[in-house]
Amino acid sequence: MRIAILVVGILFSGCATTDGSADEGVDTAEITSSGAWYHLDAASGLGPATVTVVNGYKVKCPNGVTARTCHVSALVMPADCGWECQDGVLSLQGEALLRDNFINGALVVTTGMDTYTHDGLGAYSAYELTAPPTCAADPCPASLTARKLNVASAGTKVTSVDFSQADDPNYVLDPTRGDDQALSAAHLIASGHIVSHVFRADRVWRLETPRPTCDPQLVARGYADPSTDVVQFRTVAVAERAQAPDGEGLSWLVRTGESPTTVTFTSGRNDLWAQQFDIAKSTCAITVTHEH
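Right, let's walk through the structure included here. Quick caveat: nothing in here was measured; it's all calculated off a predicted structure.

Moving on, we get to the nonpolar core. Core analysis: the biggest nonpolar cluster contains 24 residues, and Tyr38, Leu40, Leu75 and Leu107 have the highest contact counts within it. At the level of elements, β1 (36–43), β2 (49–53), β5 (69–72), α1 (83–90), β7 (97–103) and β8 (106–114) are the ones that each hand at least two residues to this core. Grouped together as the second largest cluster of nonpolar side chains are 18 residues, Leu129, Ala182, Phe199 and Val204 included.

See below:
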């Protein structure tokens, strides 16, 4: 269900190339079909489907022909892709991206994502945005890497992601969703272009499958203050200066640390932090480390 989450926050900055180029554009080179990203052009449930390689590349299709667009006999989705996932991915209400392999004429999907609306792939190439697995202090992440989908390059270090013009209001109103995805195993997938070391997002894809074992950010928001809407910021300093729009008290949350196994959050109320706690990525177990 696509509902915009009304959250007050600052823009999460993101990706920028060293030369400030607008976009890497598309390529007509042939790539390996295994593990490639495809756009779902047409589908008949889990039956026959048509897919196109993202960013203009070509692969060897199941019929042996090298092309950008391939026809497959069926779609094989991950086991955890239930009705909600299939409705989001296979309904074509959004722009579905699939990462998968051709096996015996079928497309065996390992990752399925879709967008907020069905308005095409956007004006720019699609990228994978990743963050370092560790972070010692806010803001987390402090930097990212932008890598064009279906390219084996190391990518480009970037300073921030600007979601202000993204098509999905959830990211416009709450850019920390982008932080969370970039730090997750699925990473942040977005189309956009790079201007002055900032990745300006155009389209943003949300993960439909495989489902993560737990969502530390969602758990942290519920734990920080289950009785009110918690506003998440990128730094404690900004959170402590923030004012609630209605003049009432403000409960806030900041991601202040990251390790391969744990996410650290600091929560507070108005101009004071109240608690620091860790959330285990594998189990979402909560451990309080400091209290104010």
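In this section: empty space enclosed by the protein. All chains considered together, the criterion is met by one cavity of 30 Å³ or more. Reported here for the largest cavity is a volume of approximately 40 Å³. Looking at the lining of the largest cavity, its residues break down into two nonpolar, three polar and three charged.

What follows covers α1. Listed as buried for α1 are Cys85, Gly88, Val89 and Leu90. The buried side chains of α1 occupy one side of the element, clustering within an arc of 165° when seen end-on. After α1 finishes, the residue leucine 92 shows a positive phi value of roughly 65°.

Moving on, we come to the state of the cysteines. What the rule picks out here adds up to four disulfides. Linked covalently through their sulfurs, cysteine 135 and cysteine 140 form a disulfide whose S-S length is 2.1 Å. Looking along the S-S bond of the cysteine 135-cysteine 140 disulfide, the torsion reads about -85°, which is the left-handed sense. You'll find cysteine 135 and cysteine 140 in the same group, each marked buried.

The next thing to look at is the side chain of glutamate 258. Relative to the helices and strands, glutamate 258 is located in strand β16 (residues 251–258). Its relative accessible area of 7% is what places glutamate 258 among the buried residues. A polar contact of 2.7 Å, which involves the side chain of glutamate 258, links it to the side chain of lysine 281. With sequence-adjacent residues up to four places away left out, glutamate 258 is seen in contact with Pro133, Thr134, Cys135, Leu183, Val263 and Lys281.

Counted residue by residue, β16 has eight buried out of eight residues, so it is predominantly covered. Both strand β15 (residues 231–233) and β16 contribute to a ladder of three bridges, which runs parallel. Its bridge partner being in β16, valine 231 is matched across the sheet by tryptophan 252. Where the polypeptide runs from β15 across helix α5 (residues 236–241) and back to β16, its parallel neighbour, the crossover connection is right-handed. Sheet analysis places β16 next to strand β17 (residues 262–269), joined by seven bridges and oriented antiparallel. Its bridge partner lying in β17, glycine 257 is registered against threonine 264. Between β16 and β17, which pair antiparallel in sequence order, lie three residues.

Cut-off values and rules
- Residues numbered from 1 in each chain as written.
- Predicted model: local features only at pLDDT ≥ 70, side-chain atom pairs only at ≥ 80, totals over all residues.
- Heavy atoms only, no water.
- Core = buried A, V, L, I, M, F, W, Y, C linked by side-chain atoms within 4.5 Å.
- Buried < 20%, exposed > 50% of the residue type's maximum accessible area, 1.4 Å probe, protein only.
- Helix = DSSP H or I, 4+ residues; strand = E, 2+ residues; numbered from the N terminus.
- 1 Å grid on protein atoms, 1.4 Å probe; cavity = no way out; pocket = protein on both sides within 12 Å on 5 of 7 lines; lining within 4 Å.
- Points joined across faces, edges and corners; volume = space filled by probe spheres on them.
- Nonpolar A, V, L, I, M, F, W, Y, C, P; charged D, E, K, R; others polar.
- Arc of directions from axis to C-beta.
- Disulfide = S-S within 2.5 Å.
- Polar contact = N/O pair within 3.5 Å; in protein donor to acceptor, adjacent residues only side chain to side chain.
- Contact = heavy atoms within 4.5 Å.
- Pairing = 2+ DSSP bridges.
- Right-handed = clockwise from strand over helix to strand, strands pointing away.

From the geometry alone we can't say anything about function, so treat these as descriptive.
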